[in-house]
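An overview of the molecular structure
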Amino acid sequence: SLLTEVLEAVVSTQSTGDSAIRRRFEKRIYIPLPEAEARTVMFKLHLGTTPHVITEEQFHDLGNRSDGYSGADIGIVVRDALMQPVRKVQQATHFKKVSGPSRDDPNVTRYDYLSPCSPGDTGAMEMSWMNINGDDLLEPKVDMNDMLRSLTNCRPTVGQDDLKQHVQFTQDFGQEG
């Protein structure tokens, strides 16, 4: 989009010191990375209504562990974590019968869903997800391990060098640029 191209041009000219370009923009506004409390809320917002078993304490832990992550970075982490249950199903070699609310009537409990499990689990049956009727599959809920795995795999996009460059630009040219 045009906005993306303009922003890329601005970012690339900041380091070159092109004063003609800088004069075209009235202000350069620095929006700091979110603090732990804000990151905690962002994890919850991005997760939305997706079924999960993450506690309030674990959300705070995620907020603390994600220092240096932007709001967009947290969105990427959560989207990756949302895919973890799908990966568990696809990679599973064993499934077991579990209970859960019926999809037709949430007030009724079904006792014959199949969910991925370890080969050593009681009731584990060797099979592939390809052998299971989609209506009989109960996907695992997103959990803290899913989030931690994604947090490890998805690194922050704003580096310390980027932050230092902004501070230097502000010192050299002021907020007005």
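Up top you'll find the structure we're talking about.
The model shown is predicted, which means the values in this text are computed figures rather than measured ones.

What to know about the nonpolar core
Judged by nonpolar contacts, the single largest core of 15 residues is most densely connected at F43, L47, L62 and M147. Secondary structure elements with two or more residues in this core: α3 (36-47), α4 (56-65), α5 (71-91) and α6 (144-153). Every residue in contact with L62, bar those within four places of it in the chain, is listed here: F43, M144, M147, L148 and L151. Ranked by size, the runner-up nonpolar core spans six residues in total, among them V89, F95, I132 and L137.

Comments concerning the layout of surface pockets
Roughly 350 Å³ of internal volume is contained in the second largest pocket. Residue lining of the second largest pocket: 15 residues in total, with P51, L138, E139, P140 and K141 positioned closest to the centre. Breaking the lining of the second largest pocket down by element, the ones donating at least two residues are α5 and β1 (94-101). When its residues are assigned to classes, the lining of the second largest pocket shows eight nonpolar, four polar and three charged.

Thoughts on α3
End to end, α3 covers 17 Å across twelve residues, agreeing with the expected 16 Å (1.5 Å per residue, within 8%). Those residues of α3 that are buried lie in contact with α4, α5 and α6. Directly after α3, the chain includes G48, whose backbone phi takes a positive value near 60°.

Here's the deal with the environment of V53
Residue placement: V53 occurs in the loop between α3 and α4. Residues V53 and V142, spaced 89 residues apart in sequence, show a C-alpha to C-alpha distance of 6.4 Å.

Quick notes on the packing of α3 against α4
It is at 7 Å that the axes of α3 and α4 come closest, and there the two elements cross at 120°. On the basis of the axis angle, α3 is oblique to α4. Relative to α4, α3 is oriented so that their crossing is right-handed. Of the residues in α4, those in contact with A36, R39, T40, F43, K44 and L47 of α3 are E56, F59, H60, L62, G63 and N64. Looking at the contact of α3 with α4, its residues break down into five nonpolar, four polar and three charged.

As for the pattern of salt bridges
A full pass over the atoms with the stated rule returns eleven salt bridges. The partner of D61 in a salt bridge is R65, and the shortest N-O contact between them spans 3.0 Å. Taken together, the residues span about one helical turn, with D61 and R65 both in helix α4 at a distance of four residues. For E139, the salt bridge identified is with R103, shortest N-O distance 3.7 Å.

Regarding the packing of α5 against α6
Where α5 meets α6, the closest approach of the two axes is 8 Å, and the angle between their N-to-C directions is 120°. Taken together, α5 and α6 sit at an angle that is classed as oblique. Handedness of the crossing formed by α5 with α6: right-handed. Contacts between α5 and α6 involve V77, V78, D80, A81, Q84, P85 and K88 from the first element and D146, M147, R149, S150, L151 and N153 from the second.

With respect to the sheet that holds β1
Taken in spatial order, the three strands make up an open sheet running β2-β1-β3, and their pairing is antiparallel. If you trace the sheet from one side to the other, it starts and ends with β2 (109-117) and β3 (125-126), each paired once. Looking at chain direction, β1 and β3 are connected through two bridges and run antiparallel. If you follow F95 over to β3, its bridge partner there is M125.

A few points about the environment of P101
With respect to the element layout, P101 can be found in strand β1. Aside from chain neighbours lying at most four places away, what touches P101 is P106, V108, T109 and Y113.

Analysis parameters
Residues numbered from 1 in each chain as written. Predicted model: local features only at pLDDT ≥ 70, side-chain atom pairs only at ≥ 80, totals over all residues. Heavy atoms only, no water. Core = buried A, V, L, I, M, F, W, Y, C linked by side-chain atoms within 4.5 Å. Buried < 20%, exposed > 50% of the residue type's maximum accessible area, 1.4 Å probe, protein only. Helix = DSSP H or I, 4+ residues; strand = E, 2+ residues; numbered from the N terminus. Contact = heavy atoms within 4.5 Å. 1 Å grid on protein atoms, 1.4 Å probe; cavity = no way out; pocket = protein on both sides within 12 Å on 5 of 7 lines; lining within 4 Å. Points joined across faces, edges and corners; volume = space filled by probe spheres on them. Nonpolar A, V, L, I, M, F, W, Y, C, P; charged D, E, K, R; others polar. Expected span 1.5 Å × (residues − 1). Axes fitted to C-alpha atoms, helices over the stretch in contact; angles between N-to-C directions. Parallel < 35°, antiparallel > 145°, perpendicular 65-115°, else oblique. Left-handed = near helix turned anticlockwise from the far one by under 90°. Salt bridge = Lys/Arg side-chain N within 4 Å of Asp/Glu carboxyl O. Pairing = 2+ DSSP bridges.

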